[in-house]
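Summary of the model geometry
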Amino acid sequence: MPHKPSLGIGRDILLRLTAALLAGYAAASGIAIGLAALLPGGKAEAVLAGTLLSFALYAVAVIWAFAVRSAGRAWLGLLLAGAIGLAPHLLLHVR
């Protein structure tokens, strides 16, 4: 009798995929915004450098979401990375 895949594996893949797409985008965006606040030079150059780096970070986030032990760790790690990356912007631009 052939082995049927369990719904748990499909659910795990779906959770990792949504973590990669949504939390990975949030992490890459947060880090790009934080870098733009920290990088020296003109505002436009800092934003451009942060944005260019965010493409590489998004690719790393997608790979990392499937490399960690569980989908929960992928969500937690990516959201935490985004929050830490966004912190410089929030700390430097408090009114």
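To be clear, the structure that these remarks concern was listed above.
Remember, predicted model here, so these are calculated numbers, not experimental data.

Regarding the pattern of salt bridges
Any two side chains of opposite charge can pair, given that their charged atoms come close. Enumeration according to the criterion identifies 1 salt bridge in this entry. R16 is paired through a salt bridge with D12; the nearest N and O atoms lie 2.8 Å apart. Linking R16 with D12, this pair stays in helix α1 (residues 7-38), spanning 4 residues, or about one helical turn.

Some remarks on the packing of helix α2 (residues 43-67) against helix α3 (residues 71-92)
It is at 8 Å that the axes of α2 and α3 come closest, and there the two elements cross at 150°. By the angle class used here, α2 and α3 are roughly antiparallel. Handedness of the crossing formed by α2 with α3: right-handed. Contact with α2, carried on its side by A61, W64 and A65, involves R73, A74, G77 and L78 of α3 and no other residues of that element. Looking at the contact of α2 with α3, its residues break down into 5 nonpolar, 1 polar and 1 charged.

A word on the layout of surface pockets
What the largest pocket holds in volume is close to 220 Å³. Lining the largest pocket we find A32, I33, A36, A37, K43, A46, V47, T51, H89 and H93. Elements supplying a minimum of two residues to the lining of the largest pocket: α1 and α2. Of the residues contributing to the lining of the largest pocket, the split by class is 6 nonpolar, 3 polar and 1 charged.

Concerning the packing of aromatic side chains
Under the counting rule described, the total for this entry stands at 1 aromatic pair. With a centroid separation of 6.2 Å and an interplanar angle of 85°, the aromatic rings of Y25 and Y58 are classed as edge-to-face. You can see Y25 sitting in helix α1 and its partner Y58 sitting in helix α2, a full 33 residues away along the chain.

Thresholds, definitions, all that
- Residues numbered from 1 in each chain as written.
- Predicted model: local features only at pLDDT ≥ 70, side-chain atom pairs only at ≥ 80, totals over all residues.
- Heavy atoms only, no water.
- Salt bridge = Lys/Arg side-chain N within 4 Å of Asp/Glu carboxyl O.
- Helix = DSSP H or I, 4+ residues; strand = E, 2+ residues; numbered from the N terminus.
- Axes fitted to C-alpha atoms, helices over the stretch in contact; angles between N-to-C directions.
- Parallel < 35°, antiparallel > 145°, perpendicular 65-115°, else oblique.
- Left-handed = near helix turned anticlockwise from the far one by under 90°.
- Contact = heavy atoms within 4.5 Å.
- Nonpolar A, V, L, I, M, F, W, Y, C, P; charged D, E, K, R; others polar.
- 1 Å grid on protein atoms, 1.4 Å probe; cavity = no way out; pocket = protein on both sides within 12 Å on 5 of 7 lines; lining within 4 Å.
- Points joined across faces, edges and corners; volume = space filled by probe spheres on them.
- Phe/Tyr/Trp six-rings, centres within 6.5 Å; stacked < 30°, edge-to-face > 60°.

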